[in-house]
Amino acid sequence: MATTDRQTATLALAHALSAAERGLAVIPLSPTKLPALRSPHRGDPEPVLCRGECGLPGHGVHDATADPAGVRALFAAAPWATGYGIACGRPRHHLIGIDLDTKSSTDSVAALQDLALRHLFTIPETVTVLTPSGGRHLWLTGPPDVVVPNSASRLAPGIDVRGAGGYLVGPGSVTAHGAYRLAPGTGDLNPAPCPRALLRLITPPARPHDPTHSAQSRPPQGQGLVQFVLAAHEGQRNTRLFWAACRAYENGFGDELADALTEAAVRAGLTEREARATIASADRLTSGRGRGR
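Given the structure is predicted, the values throughout are model-derived calculations rather than measurements.

**Student:** What exactly am I supposed to notice about the overall build of the protein chain here?
**Tutor:** On a plain count of helices and strands, the protein chain comes out with eight helices and 12 strands. A total of 293 residues make up the protein chain; the buried ones form 46% of that total. Sequence-distant contacts, at least 24 apart, represent 73% of the contacts inside the protein chain between residues at least 6 apart. Surface exposure of the protein chain reaches about 14,900 Å², of which carbon and sulfur atoms provide 53%.

**Student:** What should I look at first to understand the layout of surface pockets in this one?
**Tutor:** Estimated volume of the largest pocket: approximately 960 Å³. Lining the largest pocket we find 45 residues, and of these Arg 162, Gly 166, Tyr 167, Glu 234 and Arg 237 sit closest to its centre. Taken together, the residues of the lining of the largest pocket sort by class into 17 nonpolar, 16 polar and 12 charged.

**Student:** It is not clear to me how the packing of helix α6 (residues 237-250) against helix α7 (residues 254-268) should be interpreted in this structure. Could you clarify?
**Tutor:** Helix packing geometry: the angle between the two helix axes and the distance between the axes. Relative to each other, α6 and α7 sit at 165°, their axes nearing to 10 Å. As far as their axial angle goes, α7 and α6 are roughly antiparallel. Remark: the crossing between α6 and α7 carries right-handed chirality. In contact with Arg 237, Leu 241, Ala 244, Ala 245, Ala 248 and Tyr 249 of α6, α7 contributes Gly 254, Asp 255, Leu 257, Ala 258, Leu 261, Ala 265 and Ala 268.

**Student:** Looking at this model, I keep getting lost on unusual backbone geometry. Mind explaining?
**Tutor:** With glycine set apart, most residues show a phi of negative sign, and most peptide bonds adopt trans. Look at the link from Pro 91 to Arg 92: it is a cis peptide, with omega at 5°. Tracing the chain through its elements places Arg 92 in the loop between β2 (83-87) and β3 (95-100). One non-glycine residue, Lys 33, lies in the positive phi region at around 80°. Mapped onto the elements, Lys 33 comes out in the loop between β1 (26-29) and α2 (68-77). Classification of Lys 33 as partly exposed rests on a relative accessible area of 28%.

**Student:** Please clarify how the confidence of the model for the protein chain should be interpreted in this entry.
**Tutor:** The predicted model of the protein chain averages 86 in pLDDT, with 89% of residues at 70 or higher. Of all secondary-structure elements in the protein chain, the lowest mean pLDDT belongs to helix α5 (residues 220-230), at 79, while strand β4 (residues 128-130) reaches the highest, 98. For residues 209-219, every residue scores under 50 in pLDDT, and the model assigns this stretch 11 contacts once sequence neighbours within four places are set aside.

**Student:** Looking at this model, I keep getting lost on the pattern of salt bridges. Mind explaining?
**Tutor:** Should the charged atoms of two oppositely charged side chains come close, the side chains can pair. One pass over the full model with this rule turns up five salt bridges. One salt bridge connects Arg 162 with Asp 160, and the closest N-O pair in it is separated by 3.9 Å. With a shortest N-O distance of 3.6 Å, Glu 272 and Arg 276 are connected by a salt bridge. Taken as a pair, Glu 272 and Arg 276 lie in helix α8 (residues 272-288) at a separation of four residues, close to a single helical turn. By relative accessible area, which is 44% here, Glu 272 ends up partly exposed. On the basis of relative accessible area, Arg 276 is assigned to the partly exposed category, the value being 32%. Connected via shared salt-bridge partners are Asp 99, Asp 160 and Arg 162.

Criteria and cut-off values
Residues numbered from 1 in each chain as written. Predicted model: local features only at pLDDT ≥ 70, side-chain atom pairs only at ≥ 80, totals over all residues. Heavy atoms only, no water. Helix = DSSP H or I, 4+ residues; strand = E, 2+ residues; numbered from the N terminus. Buried < 20%, exposed > 50% of the residue type's maximum accessible area, 1.4 Å probe, protein only. Contact = heavy atoms within 4.5 Å. Areas by Shrake-Rupley, 256 points an atom, 1.4 Å probe, with all protein chains shown as cover. 1 Å grid on protein atoms, 1.4 Å probe; cavity = no way out; pocket = protein on both sides within 12 Å on 5 of 7 lines; lining within 4 Å. Points joined across faces, edges and corners; volume = space filled by probe spheres on them. Nonpolar A, V, L, I, M, F, W, Y, C, P; charged D, E, K, R; others polar. Axes fitted to C-alpha atoms, helices over the stretch in contact; angles between N-to-C directions. Parallel < 35°, antiparallel > 145°, perpendicular 65-115°, else oblique. Left-handed = near helix turned anticlockwise from the far one by under 90°. pLDDT = per-residue confidence, 0-100. Salt bridge = Lys/Arg side-chain N within 4 Å of Asp/Glu carboxyl O.

Written out as structure tokens, the structure is:
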């Protein structure tokens, strides 16, 4: 490893340990912003629904820890890591990330300000991380009893939300596109509580109870397929959803499981439109194979 690479890896660990001291659970990231440790189940013939129960690292955000010894162990296993991810939705901060992107033609900062005006909330002063592309991440905290899902442009074009099961690239990380850094004047702040009106916007309403689609009436296989989609990391979401939907349709309960799979995919980070399109593709493919309904 070159000297510059070693310095980058050493700094990444130092920044990760600093975040852990603040009670933030972290994982090592590669220059692509993906978890640096590959899944120990990648060679298994069948998909494995494991969130670290096997005791081995390589489960993405499920590896995240605020224990200094645990952080050092993760980075020792991934000496090529150049950054770190901060798990959202975890105690004690129950972090929520508002990702204001610049890749969209829409001004995401203006879009958030417009939402604040229309829904009568104030965007608080909080920890803000500047991204290499010119975007920014706002760190907010949520109530411990509220699960905020990940979403992409559901709130508004160019605004992504990082919640339970997601992670934010931590300040001090170096990626293939540049470094993430704290915005001036925000490094000494604590993450501000998420305004109630904004929290309502990013938290899907509870679905009305429908006994015909309850967990008791859902085929047992359906539970495993939903969990398989929920465990998807960035870069796996569409693939996992498509695989799960194909298995559901092949076994005759695809239509019954479609809503649950969609909800799981949205929580994993897809938009509802993307999830519905992927499930529809699985329906068409398996229908062409002559499967029964």
